[in-house]
Amino acid sequence: MVVAQAGPDRGFRELAKEQLPRLLSLARRLVGDDAEDAVQDCLLKAFQRFDQLQDGAAAPSWLTSILVNCCRDRGRAGARRPVEIDVESIEDFSLYRRIAHEDPFPYSDSLHLDFLAEFGPEDVRAVLMRLPELYRLPLVVVYMDGFLVRELAEMLGVPLGTVLARLHRGRKLFEKQMWEYAEETGLLRGVPR
Amino acid sequence: MISCAKAVQQLWEYLDGTSTQADRVLIEEHLKRCRRCCGELEFAHELRAFLVDAAHEDLPEDVLRRLNRTVEELDP
């Protein structure tokens, strides 16, 4: 029989070191150049509150929750503003149809994959940084860090439906910004027309 | 059958497994009959996988070293 642990079975040092690469990756996507500072803030706060962590298995979401708050504080303090985006006008945008429109031979098998292949991790990060934090956060935490929508709702203390709506808009904005980024940076030149 | 616009609007929720059972049935019925939406579903699937893959990136070693040092200083 598995007996529930009364507290984390490992110390702060071991848990934090294990989670560091994931926390840094997450912070790089949430606050870009401020990532190291955000993780430093997170480590300090997590250490101060380590006695609040009841179960070692909850460490990833507990640390993520603290990091998300540290990133939000950093984001608010920073002067950098994302590209102006009209959130209301994105409902009809489809990256799939936009790429197909560029193709003189519709239903080409690989054109859409060719488009995605042009984007490296740096480009993905640059596109994410164009989104308002409100919409960037669910995309990063759910799709790139693998948390469930329900877990993110708990971390943020907001209803599930709110996170689902932000995720929906975030996906749309990401698709639109991918297209605009590709146009602006010349990435589309690599896609056969 | 639901419209393409409606089906496309719900594709990601379908992929994420967050749509209701009733919506799942409507989308699956639509996808059986609509080739264009199947293309769009496939692309949404690819884009989702692309985001997951993009999460695996090389991290700057010097930053990781400094952060590891911070952990050791906090909990020696």
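Description of the structure in this document.

Rules behind the numbers
Residues numbered from 1 in each chain as written. Chains lettered and ligands numbered in written order. Predicted model: local features only at pLDDT ≥ 70, side-chain atom pairs only at ≥ 80, totals over all residues. Heavy atoms only, no water. Contact = heavy atoms within 4.5 Å. Buried area = accessible area lost by both parts, 1.4 Å probe. Salt bridge = Lys/Arg side-chain N within 4 Å of Asp/Glu carboxyl O. Polar contact = N/O pair within 3.5 Å; in protein donor to acceptor, adjacent residues only side chain to side chain. Helix = DSSP H or I, 4+ residues; strand = E, 2+ residues; numbered from the N terminus. Buried < 20%, exposed > 50% of the residue type's maximum accessible area, 1.4 Å probe, protein only. Phe/Tyr/Trp six-rings, centres within 6.5 Å; stacked < 30°, edge-to-face > 60°.

Moving on: the interface of chain A and chain B. Many structure descriptions define interface size as the accessible area lost when the parts assemble. In this assembly, 41 residues from chain A lie in contact with 34 residues from chain B. In total, chain A and chain B occlude about 3600 Å² of area from one another, counting both sides; carbon and sulfur atoms represent 67% of this. It is Arg13, Tyr96 and Tyr143 of chain A in chain A that bury the most area against chain B; as a group they hold 18% of the surface buried on that side. Note that arginine 13 of chain A and glutamate 72 of chain B form a salt bridge whose closest N and O atoms lie 3.9 Å from each other. Between chain A and chain B we count 12 residue pairs in polar contact (both at pLDDT 80 or more) in total. Looking at the side of chain A that touches chain B, the elements that each hand over two or more residues are α1 (12-31), α2 (35-48), α4 (95-102), α5 (111-117), α6 (121-130), α7 (133-144) and α9 (160-185) of chain A.

The next point concerns the pattern of salt bridges. Residue and element names in this part refer to chain A. Taken as a whole, this structure holds 19 salt bridges over all chains when the rule is applied. Taking the shortest distance from any N to any O, the salt bridge between arginine 130 and glutamate 184 comes out at 2.4 Å. Taken together, the residues arginine 130 in helix α6 and glutamate 184 in helix α9 connect sequence positions 54 residues apart. The class for arginine 130 is buried, based on a relative accessible area of 12%. Overall, the relative accessible area of 55% leaves glutamate 184 in the exposed class.

Residue and element names in this part refer to chain A. The element α7 is largely enclosed, with a buried count of 10 among its 12 residues. Within α7 the residues assigned to the buried category are Tyr135, Arg136, Leu137, Pro138, Leu139, Val140, Val141, Val142, Tyr143 and Met144. Downstream of α7 by one or two residues, glycine 146 has phi in the positive range, about 80°.

Time to look at the packing of aromatic side chains. Two aromatic rings, taken as a pair, are described by how far apart their centres are and by the angle between their planes. This structure, assessed with the given rule, holds 9 aromatic pairs over all chains. Relative to phenylalanine 43 of chain B, the ring of tyrosine 96 of chain A lies with its centre 6.0 Å away and its plane at 40°, an arrangement referred to as tilted. Here tyrosine 96 of chain A, found in helix α4, pairs with phenylalanine 43 of chain B, found in helix α4 (residues 35-54), and the two come from separate chains. Owing to a relative accessible area of 10%, tyrosine 96 of chain A belongs among the buried residues under this scheme. Among the aromatic residues, those joined into a cluster by ring pairs are Phe115, Phe119, Trp179 and Tyr181 of chain A together with Phe50 of chain B.

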